[in-house]
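Secondary and tertiary structure notes
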Amino acid sequence: MTDRTSAPPIKPIDTLQLENPIRQCLSNGIPIYLFKNDTLDLIHLIVSIKGGTIREPLKHLSIFTYGLLKESSPRHTANEMVDLFDYYGSTYNTEIDLDNINIKMVMPKRNIPEILPLIYEFMSAPRYRVENMELFREQRLVALRNNLKKNNFVATRMMLNAMIGESCAAGRLSNEDSYRRITIADMQAYHRQTFCADNITIYATGNIDETTYACIADTFGHIACGQATEALPLFTMPASECHDLYQEVPGSVQSSIVLCRPGLAFTDDNHHTLSVLSTITGGYFGSRLMQRIREKHGYTYGIGCDSVYFGKQSIFSIQSDVNANHTNAAIDACYEELERLQNEPISEVELTTVKTYLSGTILQGLSTSVAYMEKFAFWNKLGSDQSEVQHFLQHMQQLSPEQLMETAKIFFEYNKFTNIIVGYKL
């Protein structure tokens, strides 16, 4: 009989062999990765396009061009397309990243022959309508006005501007004029430039038999070839020599703080070490910053750190909304914790806790074929693959407190950070 009075022993996970996706190539050269799941009759598709806010020639052009596709069927109105998606039990969503555009679709296997051709019509040959564009523009303007009242939104866009600068659309600050200057001609040109076989990768999971695959392959195999989008440039970061940025919001009871610096490429040899160090610093509820800034001082409800990856670069940041009366004290406490990580090795107990947490997070994040497919799409665009998990687990289990301290000495230097405050500091 199983003894339920005591917890089972915790064993470190240092190996996780993921099944390789099946890579095929469509007639037009588009690579498609298949993650088979015979028990899933809802087929999930991702059409990944090399685009995004860094690459767009005009700010907001990606969200206008691809955010309006579903409303731009050559044969159906926007309302008719809503009804058709509902009738066929399907969903369609667009995600615009710094370096990528992902169109995500979910549809019952039995309805693919009917719904997929309808989707392909507006994806490949959209008929942009003035009334839809103007409604979309007004919605985005309302959202912008509301977001500009949120300190954390303002701080995040200041971070992109400080790190990447004015050399690309992603670094430029949005305003009402930048939304108003987009035209249908701009959208049509950008669609022709980006929506071509040379810029597209497809990912699919579910119960994909030969008939289902043939339907997917035949549909997307008709996408025309074009000119491949160039690789992202390497940005000089930070773009500004100013390391302290402050935007006052009179009467604000909270300040949004961002401490940011250039990060590492996802394929950098030290990336795995920094991922573990980042988790220790502010990557989970028991992290150093949570214990210090929230639990000990009560300056904030939550604080965290993360990296945003694009091309062969990234931005590392610590972000929080803190009590305005303690803005400077919270920033000082953050740097004190970063300095402590540089000078004091963490205990084996804390390191074991973080390794266990990360192992569990990885397993949970790969528990379904849909989750695995989305992770793989992320790895693939950054030049990696499913071997990333195995490499990370092995590297993490071998990490010592001394190695993490040495990485902290290099990466957590005070003068490498840009400090952003939006709110009110006393």
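Overview of the structure. Just so it is clear, the model here is predicted, and its values are computed rather than measured. (Residues numbered from 1 in each chain as written. Predicted model: local features only at pLDDT ≥ 70, side-chain atom pairs only at ≥ 80, totals over all residues. Heavy atoms only, no water.)

Some details on the sheet that holds strand S4 (residues 91–96)
Note on sheets: strands pair through backbone hydrogen bonds, and any given pair is parallel or antiparallel. Put simply, the test is: When DSSP finds two or more bridges between two strands, those strands count as paired. For the purposes of this entry, the term helix denotes a DSSP run of H or I that reaches at least four residues, the term strand denotes a run of E that reaches at least two, and both are numbered from the N terminus. Axis lines are fitted through C-alpha atoms, for helices just across the contact stretch, and the angle between N-to-C directions can take any value from 0 to 180 degrees. Whether two residues are in contact is decided by their heavy atoms: any pair within 4.5 Å suffices.
Pairing within the open sheet is mixed, and its six strands lie in the order S1-S2-S6-S3-S5-S4. Each edge of the sheet is formed by a strand with only one pairing partner; in this case those strands are strand S1 (22–25) and S4. Each strand axis lies, on average, 20° off the axis of its neighbour in the sheet, ignoring direction. Where S1 lies against strand S2 (residues 31–36), four bridges are found, and the strand directions are antiparallel. Bridge pairing in S2 places Gln24 opposite Ile32. Against the sheet, helix H3 (residues 112–124) engages strand S3 (42–49), S4 and strand S5 (101–108), with an angle of about 155° to S5.

Side note on the packing of aromatic side chains
Heads up, the condition is: For Phe, Tyr and Trp, rings pair up if their centres lie within 6.5 Å, where Trp contributes its six-membered ring, and each pair is then called stacked (planes under 30 degrees apart), edge-to-face (over 60) or tilted (otherwise). Burial classes: relative accessible area under 20% of the type maximum marks a residue as buried, over 50% as exposed, and values in between as partly exposed (1.4 Å probe, protein chains only). Cation placement over rings: the criterion is NZ of Lys or CZ of Arg within 6 Å of the ring centroid and within 35° of the ring normal.
Using the criterion set out here, one finds 22 aromatic pairs in the structure. Summarising the aromatic geometry, the rings of Phe64 and Tyr179 are spaced 6.4 Å apart at their centres and angled 45° between planes, so their arrangement reads as tilted. With Phe64 in helix H1 (residues 61–67) and Tyr179 in helix H6 (residues 176–180), the pair connects residues that are 115 residues apart, well separated along the chain. Tyr179 gets classed as buried once you look at its relative accessible area, which sits at 7%. Members of the aromatic cluster, connected to one another through ring pairs, are Phe316, Tyr335, Phe411, Phe412, Tyr414 and Phe417. Across from the ring centre of Phe411, 4.0 Å away, lies the NZ or CZ of Arg261, which sits over that ring. It is Arg294 that lies over the ring of Tyr301; its NZ or CZ is 4.8 Å from the centre.

Focus on the nonpolar core
Considering soluble globular proteins, one finds that nonpolar side chains tend to be buried as a cluster. So the rule is basically this: To qualify as a nonpolar core, a set must consist of buried Ala, Val, Leu, Ile, Met, Phe, Trp, Tyr and Cys residues joined through side-chain atoms within 4.5 Å.
Core analysis: the largest hydrophobic core is formed by 54 residues, its most contacted members being Tyr203, Val276, Ile280, Ile318, Trp379, Leu404 and Phe412. When residues in this core are grouped by element, the largest group, seven residues, is from helix H11 (residues 327–343). With residues up to four places along the chain from it excluded, the contact list for Val276 reads Leu351, Val354, Leu358, Phe392, Met396, Leu399 and Leu404. Listed in part, the 53 residues of the second largest apolar core include Ile43, Ile103, Tyr190 and Ile208.

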